[in-house]
Amino acid sequence: DAKTTQPTSMDCAEGRAANLPCNHSTISGNEYVYWYRQIHSQGPQYIIHGLKNNETNEMASLIITEDRKSSTLILPHATLRDTAVYYCIVKNSGNTPLVFGKGTRLSVIA
Amino acid sequence: DGGITQSPKYLFRKEGQNVTLSCEQNLNHDAMYWYRQDPGQGLRLIYYSQIVNDFQKGDIAEGYSVSREKKESFPLTVTSAQKNPTAFYLCASKAIQGTTYEKLFFGSGTQLSVL
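Computed from a predicted structure; not experimentally measured.

Caption draft 1: Examining the overall build of chain B more closely. A count of helical and extended segments in chain B gives zero helices and eleven strands. The C-alpha atoms of chain B give 14 Å as radius of gyration, which agrees with the globular expectation for 115 residues (13 Å, within 12%). Across its three principal directions, the C-alpha atoms of chain B cover 45 × 25 × 25 Å. When burial is assessed residue by residue, chain B has 47% of its 115 residues classed as buried. Across chain B, contacts joining residues at least 24 apart in sequence account for 54% of those joining residues at least 6 apart.

Caption draft 2: Layout of unusual backbone geometry. Residues and elements named next belong to chain B. Along the chain, S7 connects to P8 via a cis peptide bond; the corresponding omega equals -10°. Within the secondary structure layout, P8 lies in the loop between strand 1 (4–7) and strand 2 (10–13). Unlike most non-glycine residues, N53 shows phi in positive territory, near 65°. Here N53 is to be found in the loop between strand 5 (43–51) and strand 6 (54–57).

Caption draft 3: Main features of the environment of Q41 of chain B. Considering the arrangement of structural elements, one finds Q41 of chain B in the loop between strand 4 (31–37) and strand 5. With sequence-adjacent residues up to four places away left out, Q41 of chain B is seen in contact with Y87 and K102 of chain A.

Caption draft 4: Molecular detail of the state of the cysteines. Counted according to the given criterion, the structure contains two disulfides over all chains. Across the disulfide, C23 of chain B is cross-linked to C91 of chain B (sulfur-sulfur distance 1.9 Å). Taking the sign of the S-S torsion, about -75° here, the bridge from C23 of chain B to C91 of chain B comes out left-handed. Of this pair, C23 of chain B sits in strand 3 (residues 19–25) while C91 of chain B is found in strand 9 (residues 87–94), placing the two residues 68 residues apart along the sequence. Just as C23 of chain B is buried, C91 of chain B falls in that class too. With no disulfide of its own, C12 of chain A lies 18 Å from the sulfur of C22 of chain A, the closest cysteine sulfur. A relative accessible area of 8% means that C12 of chain A is categorised as buried.

Caption draft 5: Here's a closer look at the sheet that holds strand 4 (residues 45–50) of chain A. Residues and elements named next belong to chain A. In space, the five strands of this open sheet follow the order 1-9-8-3-4, with mixed pairing throughout. Each having just a single partner strand, strand 1 (9–13) and strand 4 make up the two edges of the open sheet. Recorded for the sheet is a direction-independent mean angle of 25° between the axes of neighbouring strands. Bridge count for strand 3 (residues 32–38) against strand 4 is five bridges, and the pairing is antiparallel. Considered in strand 4, the bridge of Y36 is made with Y46.

Caption draft 6: Representation of the nonpolar core in the model. Counting residues in hydrophobic clusters, the biggest one holds 21 residues, and the most contacted among them are L20, W35, L73, L75, Y86 and L106 of chain A. Secondary-structure elements contributing two or more residues to this core are strand 2 (18–23), strand 3, strand 4, strand 6 (61–64), strand 7 (70–75), strand 8 (84–91) and strand 9 (104–109) of chain A. Counting residues per element, this core draws most heavily on strand 8 of chain A, which supplies four residues. In terms of nonpolar packing, the next biggest core, distinct from the first, is built from 20 residues, Y36, Y87 and F100 of chain A together with L90 of chain B among them.

Caption draft 7: Local environment of the pattern of salt bridges. Counted under the stated rule, the structure contains six salt bridges over all chains. The residue D38 of chain B makes a salt bridge to R36 of chain B at a minimum N-O spacing of 3.0 Å. Judged by relative accessible area, R36 of chain B falls into the buried class, the value being 4%. Connected via shared salt-bridge partners are K91 of chain A together with K94 and E102 of chain B.

Rules behind the numbers
Residues numbered from 1 in each chain as written. Chains lettered and ligands numbered in written order. Predicted model: local features only at pLDDT ≥ 70, side-chain atom pairs only at ≥ 80, totals over all residues. Heavy atoms only, no water. Helix = DSSP H or I, 4+ residues; strand = E, 2+ residues; numbered from the N terminus. Rg over C-alpha atoms; globule rule 2.2 N^0.38 Å. Buried < 20%, exposed > 50% of the residue type's maximum accessible area, 1.4 Å probe, protein only. Contact = heavy atoms within 4.5 Å. Disulfide = S-S within 2.5 Å. Pairing = 2+ DSSP bridges. Axes fitted to C-alpha atoms, helices over the stretch in contact; angles between N-to-C directions. Core = buried A, V, L, I, M, F, W, Y, C linked by side-chain atoms within 4.5 Å. Salt bridge = Lys/Arg side-chain N within 4 Å of Asp/Glu carboxyl O.

The following block contains the structure:
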């Protein structure tokens, strides 16, 4: 599975959009981009995933560049409860387990 | 409510003692996983199982053992051979049939500490 690169930490003002970048320059054609988040002392939570097209659900939007070498997770109106570590993971649809890196620590500030 | 339950939330181990962490799911998921998380680090895979009575080692299986006698249960034993067991342990499950994407459901974790 391709590796990902994320910033270690980011801050965002409450009510503003949080844009979390992820680089995955070695992604293969059959690999999906997944985002999970982990609130302190809890288990990670699935947010969204995509292959080529941009995706949106009730939690967030995922923008994938046309060459698929990078993506951005967008939380449109960040709240204090969005403070968490966000993991970007690239993986194909095979049965090997997900590999979690260190992610980006997002702090939403009042 | 459907979900995945880990117990206990906090566990203390004495030197030379084996301890078992419980993980139960009522989601009818085929696959189950154990991850370990150290402070400020990502998750590392210990063991996983995709079917009853079968499991595979992950990246850091030494000092741990598992069993999968029932679909809904995947207990993890931290043996005395694991010299640095203090960590946050997370169990997860995933449906295999009827899906092609990786949506894992996690429990709330067990914090294991050494006395």
